[in-house]
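Residues per chain are reported as follows:
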Amino acid sequence: MKKIIAVDGPAGAGKSTVSKIAAARLGYTYIDTGAMYRAVALKVLLDGQPLSEELVDNIKIELDEAARVYLDGRNVTTEIRTPEVSRGASDVAKFGFVRKKLTELQRQMAARGSVIMDGRDIGTQVLPNADLKIFLTASVEERARRRFEELRAKGSAANLAQITEEIKLRDKQDSEREIAPLAIAEDAVPVDSTHMTIDEVVAEILRLATTTEK
Ligand code: DC
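Residues numbered from 1 in each chain as written. Predicted model: local features only at pLDDT ≥ 70, side-chain atom pairs only at ≥ 80, totals over all residues. Heavy atoms only, no water.

Colleague: Quick question: what am I supposed to make of helix α1 (residues 15–26) here?
Modeller: Note: α-helices contain 3.6 residues per turn, so residues at a spacing of three or four share the same orientation. With twelve residues, α1 extends 16 Å from end C-alpha to end C-alpha; this agrees with the ideal 16 Å at 1.5 Å per step. Here α1 has its buried residues at Lys15, Val18, Ser19, Ala22, Ala23 and Leu26. Along the axis of α1, the buried residues cluster in a sector spanning 130 degrees; they form a single face. Facing away from the buried side of α1 by more than 90 degrees, the exposed set consists of Ala24 and Arg25. (Helix = DSSP H or I, 4+ residues; strand = E, 2+ residues; numbered from the N terminus. Expected span 1.5 Å × (residues − 1). Buried < 20%, exposed > 50% of the residue type's maximum accessible area, 1.4 Å probe, protein only. Arc of directions from axis to C-beta.)

Colleague: Is there a simple way to think about the sheet that holds strand β4 (residues 69–71) in this case?
Modeller: Through backbone hydrogen bonds, the strands of a sheet pair up, either in parallel or in antiparallel fashion. Pairing is antiparallel in the open sheet, where three strands are placed in the order β3-β4-β5. Two strands close off the open sheet at either side, each with one partner strand: β3 (61–63) and β5 (74–75). Inspection of the sheet shows β4 paired to β5 by two bridges, in the antiparallel sense. Counterpart to tyrosine 70 in the pairing with β5 is asparagine 75. (Pairing = 2+ DSSP bridges.)

Colleague: When you look at helix α8 (residues 160–176) in this model, what are you seeing that I'm missing?
Modeller: Taking 1.5 Å as the rise per residue, α8 with 17 residues should run 24 Å; its terminal C-alpha atoms sit 24 Å apart, in good agreement. Those residues of α8 that sit buried are Ile163, Thr164, Ile167, Arg170, Asp171 and Asp174. Down the axis of α8, the sector holding all buried residues measures 130 degrees, keeping them to one side. Among the exposed residues of α8, those pointing more than 90 degrees away from its buried face are Ala161 and Glu176. For α8, the elements touching its buried residues are α2 (33–47), α4 (83–92) and α7 (140–153). For α8, the N-terminal capping position is held by asparagine 159, with its side-chain oxygen 3.0 Å away from the main-chain nitrogen of alanine 161. (Contact = heavy atoms within 4.5 Å. Polar contact = N/O pair within 3.5 Å; in protein donor to acceptor, adjacent residues only side chain to side chain.)

Colleague: What's the story with the sheet that holds strand β1 (residues 4–8) in this structure? I'm lost.
Modeller: Overall, parallel pairing links the five strands, which are arranged β2-β6-β1-β7-β8 in an open sheet. With one partner strand each, in any of the chains shown, β2 (29–32) and β8 (189–192) form the two edges of the open sheet. Neighbouring strand axes in the sheet, compared pairwise and without regard to direction, differ in orientation by 20 degrees on average. Pairing of β2 with strand β6 (residues 115–119), which is carried by four bridges, proceeds in the parallel orientation. Counterpart to tyrosine 30 in the pairing with β6 is isoleucine 116. Strands β2 and β6 of the sheet are contacted by α2, whose axis makes an angle of about 40 degrees with β2. Contacting β1, β2 and β6, helix α5 (residues 96–110) runs over the sheet at an angle of about 160 degrees to β6. (Axes fitted to C-alpha atoms, helices over the stretch in contact; angles between N-to-C directions.)

These results come straight from atomic positions and should not be treated as a statement about function.
The following block contains the structure:
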């Protein structure tokens, strides 16, 4: 059984949805590293101060077993999901001192064992020795459509063209930044979910987690 599983991929590929379900089925802890970058971005927005090493040194980010996110002790699980925080997270993620601090925290969390961790650089930087690395993608159109449907289901106003542009911008920023850009690890298994259901992607992760070949 593979105990440390890394799931990377672009925004909206469904990483957190499938990772959460797969972790529950395996009895593993799910760690959403994007939520940690989002928490830093939220802190910058709330403080109204520019991002600084001091701000990052003093930040307290915690994730609980239900994947709730706490910023300085306060539950911010819903607050970190706005488009403003999404943009902010991609912005703060460019800075080496932010990545260093969050990477350390993520490694400490993974050291407890039996985890599925999702993000952009888990297989390449955070956990290069992961037992299984998955690179989950889907076409930009499909990723935008899923976000659009998700927002509509929540009753929020959504504009497909605008969501598509936001996803393209985040793809560009996340893949072109200098430090730890979104990239597929050499030993990652690519999974294109464009024409797959959530159940099919989960089944594929479980199959890969339980087969013996590396
Ligand atoms: O997965 P997400 O959309 O919640 O991530 C928000 C942003 O955080 C994403 O645009 C880039 C950044 N991020 C990162 O740089 N490295 C990670 N391991 C996870 C997220």
